Each structure stands twice: as structure tokens, then as C-alpha cells.
Amino acid sequence: MQDVKTKNSGFQPVMRYRSLFWPLLLILIGGVWLLQNFGIITGANIAALLRLWPILLIVGGVEILLAPRQPRLAAFIGVGALVAALGIALVGPAFGLGKVEVTTKEFTAPLDKATAARVDLNLSVGKANVAALLDSPNLIDANLTYVGAIDFKVSGDTDKRVTLKQSENSGWNWFNTFDNNELQWNVALNPTIPLALNIKGGVGPSTLELGKLNLASLSINAGVGESTLTLPASDKTYNVTIDGGVGGINATLPANTSVNISINGGVGNATLDVPADAAVQVISNSGLGKINVPSNFTLLTDGSGKNRNGTYETPDFSSAKNKIVITYDGGVGNLTIR
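Below is a summary of the structure that appears in this document. Residue positions are counted from 1 within each chain, in the order its sequence is given. Only residues with pLDDT of 70 or above have their local features reported here, since the model is predicted, and side-chain atom pairs are shown and tallied only from 80 upward, although totals for entire chains, interfaces and linings are computed over all residues. The basis for every side-chain value is the complete set of heavy atoms in the structure, and neither hydrogens nor water enter the calculation.

**Regarding the overall build of the protein chain**
Rules: Starting at the N terminus, helices and strands are each numbered in turn, a helix being any DSSP run of H or I of at least four residues and a strand any DSSP run of E of at least two. Residue exposure (1.4 Å probe, protein chains only): buried if accessible area is under 20% of the type maximum, exposed if over 50%, otherwise partly exposed. The contact definition used throughout considers only heavy atoms, calling two residues in contact when any of these lie within 4.5 Å. Values of accessible area rely on a 1.4 Å probe in the Shrake-Rupley scheme; residue burial ignores everything except the protein chains shown.
A count of helices and strands for the protein chain gives four helices and 23 strands. Going through the 338 residues of the protein chain one by one, you find that 41% of them count as buried. In the protein chain, 58% of the contacts between residues at least 6 apart in sequence involve partners at least 24 apart. Summed over its atoms, the accessible surface of the protein chain is roughly 18100 Å², and 55% of this surface lies on carbon and sulfur atoms.

**Focus on helix H4 (residues 71-91)**
Condition: Multiplying one less than the number of residues by 1.5 Å gives the expected span of a helix. Working note: the arc is built from the helix axis to C-beta atom directions.
Between the first and last C-alpha of H4 there are 30 Å, a value that for 21 residues agrees with the 30 Å anticipated at 1.5 Å per step. When H4 is considered as a whole, its buried residues turn out to be Pro71, Ala74, Ala75, Gly78, Ala81, Leu82, Ala85 and Ala89. When H4 is viewed along its axis, its buried side chains cluster within an angular range of 135 degrees and face the same direction. Facing away from the buried side of H4, by more than 90 degrees, are the exposed residues Arg72, Phe76 and Val83.

**Some remarks on a nonpolar patch on the surface**
Definition in use: Note that patches include only residues with greater than 30% relative accessible area and no salt bridge, and the join distances are 9 Å for like charges and 5 Å for nonpolar side chains (Val, Leu, Ile, Met, Phe, Trp, Tyr). Note on definitions: salt bridges are taken to be side-chain nitrogens of Lys or Arg within 4 Å of carboxyl oxygens of Asp or Glu.
The grouping of Trp22, Trp53, Leu57 and Ile64 at the surface amounts to a nonpolar patch, some 440 Å² of accessible area in total. For the nonpolar patch, the element with the highest residue contribution is helix H3 (residues 53-66), accounting for three residues. When you line up the elements, Leu57 lands in helix H3.

**Quick word on the side chain of Asp120**
The condition that has to hold: The definition of a polar contact used here is a pair of N or O atoms within 3.5 Å, where within protein one atom must be able to donate a hydrogen and the other to accept one, and adjacent residues in sequence count solely through side-chain atom pairs.
Residue position: Asp120 is located in strand E4 (residues 116-122). A distance of 3.2 Å separates the side chain of Asp120 from the side chain of Arg118, its partner in a polar contact. Look past the residues within four positions of Asp120 in its chain and what remains in contact with it is Arg161, Val162, Thr163, Leu164 and Asn198.

**Some details on H3**
Side chains of residues three or four places apart in an α-helix project in the same direction, reflecting 3.6 residues per turn. End to end, H3 covers 20 Å across 14 residues, agreeing with the expected 20 Å (1.5 Å per residue, within 8%). Within H3 the residues assigned to the buried category are Leu56, Val59, Gly60 and Glu63. In an axial view of H3, the angular spread of the buried residues amounts to 100 degrees, which keeps them on one side of the axis. Seen from the open side of H3, the exposed residues pointing more than 90 degrees away from its buried face are Ile58 and Leu65.

**Concerning the side chain of Ser124**
Tracing the backbone shows Ser124 in the loop between E4 and strand E5 (127-132). Among the polar contacts listed, one links the side chain of Ser124 to the side chain of Gln166, at a separation of 2.8 Å.

**Some remarks on the pattern of salt bridges**
If you walk through the whole model with that rule in mind, you get four salt bridges. One salt bridge in this structure joins Arg161 and Asp120, with 2.7 Å as the shortest N-O distance. Taken as a pair, Arg161 in strand E8 (residues 159-168) and Asp120 in strand E4 lie far apart in primary sequence, 41 residues in all. Of the charged contacts, one joins Asp151 and Lys153 as a salt bridge, the two residues approaching to 3.9 Å between their closest N and O atoms. Judged by its relative accessible area of 16%, Asp151 is buried. What you see here is one network of salt bridges that share partners, running through Arg118, Asp120 and Arg161.

**Re the sheet that holds strand E19 (residues 291-292)**
Heads up, the condition is: If DSSP finds at least two bridges between two strands, the strands pair.
Spatial ordering of the open sheet is given by E3-E6-E9-E5-E11-E13-E15-E17-E23-E19, a layout of 10 strands whose pairing is mixed. Two strands lie at the open edges of the sheet, namely strand E3 (103-110) and E19, each paired on one side alone. Summarising the sheet, E5 and strand E11 (residues 206-209) pair through three bridges and their orientation is parallel. Bridged to Val130 within E11 is Leu208.

Here is the structure:
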């Protein structure tokens, strides 16, 4: 605060108040966040602090209203509120404020009369494992360790529809208030009926062991983290769509299979392991990344000798019974066939 007296000049004294609340609030938030980054405090402390943001806004407004007439009281209220907020941020988690409860629960649905099913899995934070469900009358068995709330829906009779997704997180994913290694999605699906499987990736590694499933189609929207995928063998051609995310994807294709794979590249690399004697065609638009294929692949050309849309084929592709067709619209990462 500054007293500016200009008695000789004919002006009245003017009291100028410089708010301490907002600069100190920014320092408080930045300091707490920095301490969390260094592991001195946990994300639960930050969560406890940010739960108070409506009160801090009210205090800031009160300080602005009082400042012109009662600057000392305004300063006392503003600084006192920040000191109290810091204290709550430090000790709040000990009383449960800012902590997140981790829950483990099973979600199941019987196969009943189903002859086909569509399954939508929206993965969340943590490790994810999807595999075949063996020797069980259920369509799906899921064992999840998660935070927030899960939305699990099953509908239909002979043609079932299953949705399993994270429905609520209450802001927990902003902060590292727990060990992400605690969180897991283990999902097992019945292999006896055709499945249209849609998987939306979350944050963390995923292992998709689908080799024993009866896939009618597969759609994967990769998230953040490495994904490992194993596809089933099938004489009947099925379609696989992969939208790349931040992490890479590694896919293994079995022998004697017919599949159309469409890959929209993301930031990570895509690696496909194909059998040595498989009939494979790769149609590529590499984007910023590169295309790497084995030496027995031939780059096709048109009649003038120019490359034909970056199309590669194995020698026996046109005459093969089972064919693997890979269409790649590249992103930043590379595509490797090996």
C-alpha cells in the first residue's frame, strides 16, 4: 500500500492497494505442483487443493470489494485464505480429502441363446488384457481394478450387444494420486460365436490375445501406450481397422488366414509379423514415416514403369487361396512388415 500525499498541489490523498491474493495464489499452485513433480507431495495434495477452488474465487471477489475502503482487512482475508488452503492441501489427504478409492470388481454376462455379438470395450488407465474365455457359459468375464465408475450394459437375445467402459472419473486422471500399476482390465470373451469387437485404447500397455476368438470384425482405436495384438486364423475373410495412437502397435498374424487390415498411422510405429509363406499385399501412403518390407516383396509398377500407389506384393499373391491385404495411411511412425 502506498500513501500519495499531494497537499500542496490541491489534490486529495489517494490510497492505492496492490492485491497480494492473486500473485500469491499463482505462487501457491505452482509451488505445490512443483513439489508433486519432485515426489515430495502426492497428487492427492493437489486434488485436495483444487477442490477448494470455488472458495478461493469467493475470497478473491471479497478482497476486490473490500480493497478500496479496507485494504488491510482485504489483505488479511486474502493471505489468510491462502495459508489455510495450503494447510488443507498438506494435511487433507490424511483425512480422506483428495484421495481416490481403487475398486476391484467382476462384470459378467451369460451367453444364453446368443449366436453373434458386438462387444465395445473402452479401456481406461492401467494395463489391459483381452483374451479368449475357455470352458465357460458366459459371453464375457471381466475382472477390473479401476477408479471412478464403470458402465456395463448388455442387451439383445440371439444377437447380443455388450458395452464396457469408464463412465466417470471425477477428475482423478488429472493427478497421480495412486500407482497406475494397480489398475488393470482383464477381459475374456467367448470364442464360440462370431464377435464384432471394438476396442478403444486407454492409457497404458494393452495385450490383445485374440488368436482363439471367432472374429467377424475388429476395430482398434489405439490410446497411449504399447499394444500387442495376436489375430486368429480364418479361411473366411474378416476386416481389421487400426487407428494408431501415441504408442506403437505390434501385431502377429497366423498362417492360413484371410484378413483385410486397414491401418491409419498415429505417432507410434506399427509392426506386423506375417508367416514366411503368407500371400501378402501392402498398399501404402507412408506419410512422414517409412515402409519397411521383406526382400521377397515386389514394388508393383504401372505400364509406364512408375510406382503403382506404393503397392507391394509377395510373388504368389494373385494365385493364393488365403490373402493378407494391408492398407496403410501413414502418420508420423513407420510401418514394418517382417
